[in-house]
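Chain residues, written in single-letter form:
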Amino acid sequence: MSWSQLIFAATSAVILASCTAPDVVYYAPPPGLTPDKAVSLLGSKDPKFFLQSAEYRLVWAVDGQVVQGSAYRWDQPLLITAGVPHSLSLAYGWGAVAGGAAVDFTGTPGSTVVIKGENVDPDTAARLWLEDAATGQILGRKLELRLAYRNDPTLALASPDTTVIAIKVIEHKR
């Protein structure tokens, strides 16, 4: 191997090493947290008729930390500490459109909270809310969402927060 090939190989290795993505810190419940002492968050899905897309509602992030695989585990309990305020990033997806909202939430031990939603206008608007699974009571208020197609370039400019997050949820559902 010549010196020029060796220098090229070493330079290429350094460049490739610098291209690695930063580590993502995913949300994880505190060690030892059990459902009887925690709040269990569950996503929801609105089944549609044959060949129609289903609506998904889920928690995308807790306190700014992304929930790993949230698009795939929307129907599995996500434990958060009870009695402590949390910032939840909620996501709504229906076919090629998506949206998101942030909500502050403090829950009670042993409770199960479902992320519910409704379509207001199929292409532009929806609502998300938190609902007590045992009583059906709405916790807080219904949040209005702006929906957009996941390939809409203006979406990233519209909201630097949860709208972009929801688009990533849809992309990872494949």
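Parameters and conventions
- For every chain, the first residue of its written sequence is number 1, and the numbers climb from 1 along that sequence.
- Side-chain atom pairs in this predicted model are given and counted only at pLDDT of 80 or more, local residue features only at pLDDT of at least 70, and totals for whole chains, interfaces and linings cover all residues.
- With hydrogens and water stripped out, all remaining heavy atoms of the structure feed into the side-chain values.
- Whether two strands pair comes down to DSSP finding at least two bridges between them.
- A run of H or I in DSSP becomes a helix once it reaches four residues, and a run of E becomes a strand once it reaches two; helices and strands are each numbered from the N terminus.
- Geometry is summarised by axes, namely lines fitted to C-alpha atoms with helices restricted to the contacting stretch, and by angles between N-to-C directions that run from 0 to 180 degrees.
- The method works on a 1 Å grid over the protein atoms by themselves. A cavity is a set of points holding a 1.4 Å probe that cannot get out, a pocket is an open set with protein on both sides within 12 Å along at least five of seven lines, and residues with an atom within 4 Å of a point line them.
- Grid points are joined across faces, edges and corners, and a volume is the space filled by probe spheres set on the points.
- Residue type decides the class: Asp, Glu, Lys and Arg count as charged, Ala, Val, Leu, Ile, Met, Phe, Trp, Tyr, Cys and Pro as nonpolar, and the leftover types, Gly among them, as polar.
- Think of it in three bands: residues with accessible area under 20% of the maximum for their type are buried, residues over 50% are exposed, and the middle band is partly exposed, with areas taken using a 1.4 Å probe on protein chains only.
- The predictor's confidence in any single residue is recorded as pLDDT, a number from 0 to 100.
- Contacts between residues were defined by any pair of non-hydrogen atoms, one from each residue, lying within 4.5 Å.
- The pairing test for Phe, Tyr and Trp rings, Trp by its six-membered ring, is centres within 6.5 Å, and the orientation test on the planes gives stacked under 30 degrees, edge-to-face over 60, and tilted for anything in between.

Draft legend 1. Here's a closer look at the sheet that holds strand 9 (residues 125–132). Strands sit in the order 5-1-8-9-10 across an open sheet of five strands; the sheet is mixed. With partners counted over all chains shown, the strands left at the sheet margins are strand 5 (78–81) and strand 10 (138–146), one partner each. Ignoring which end each strand starts from, the neighbouring axes of this sheet average 25° apart. Note: strand 1 (residues 38–42) against strand 8 (residues 112–121), three bridges, orientation parallel. Bridge assignment links Leu-42 to a residue of strand 8, and that residue is Val-114.

Draft legend 2. Inspection of empty space enclosed by the protein at higher detail. Enumeration over the complete set of coordinates arrives at two cavities of 30 Å³ or more. The space that makes up the largest cavity amounts to roughly 70 Å³. If you go around the largest cavity, the residues you meet are Leu-41, Leu-42, Gly-43, Leu-58, Val-59, Ser-70, Arg-73, Trp-74, Gln-76, Leu-78 and Ile-115. Contributions of two or more residues to the lining of the largest cavity are made by strand 1 and strand 3 (55–62). Its residues assigned to classes, the lining of the largest cavity comprises seven nonpolar, three polar and one charged.

Draft legend 3. Here's a closer look at the pairing of strand 6 (residues 86–94). With seven of nine residues buried, strand 6 is to be regarded as a mostly interior element. Taken together, the seven bridges between strand 3 and strand 6 define a ladder with antiparallel strand orientation. Residue pairing for strand 6: Arg-57 is matched across the bridge by Tyr-92. Two elements, strand 6 and strand 7 (residues 97–105), share nine bridges in a ladder whose sense is antiparallel. Each bridged residue has a counterpart across the sheet, and for Gly-93 the counterpart in strand 7 is Ala-98. Here strand 6 folds back onto strand 7, and the loop between the two strands holds two residues, one of which, Gly-95, carries a positive phi near 60°.

Draft legend 4. Geometry of the confidence of the model for the protein. Averaged over the protein, the pLDDT score is 79; the fraction of residues at 70 or greater is 71%. Within the model, pLDDT remains below 50 along residues 3–17, and this stretch shows one contact once partners closer than five positions in the same chain are excluded. Within the model, the stretch residues 154–174 combines pLDDT values under 50 with 43 contacts to residues more than four positions away or in other chains.

Draft legend 5. Summary view of the packing of aromatic side chains. For the structure shown, the criterion picks out one aromatic pair. Ring geometry for Tyr-56 against Trp-74: centres 5.4 Å apart, planes inclined by 75°, an arrangement best described as edge-to-face. Of this pair, Tyr-56 sits in strand 3 while Trp-74 sits in the loop between strand 4 (65–66) and strand 5, and the two are 18 residues apart along the sequence. Exposure remark for Tyr-56: the relative accessible area of 17% places this residue in the buried category. Since its relative accessible area comes to 19%, Trp-74 is described here as buried.

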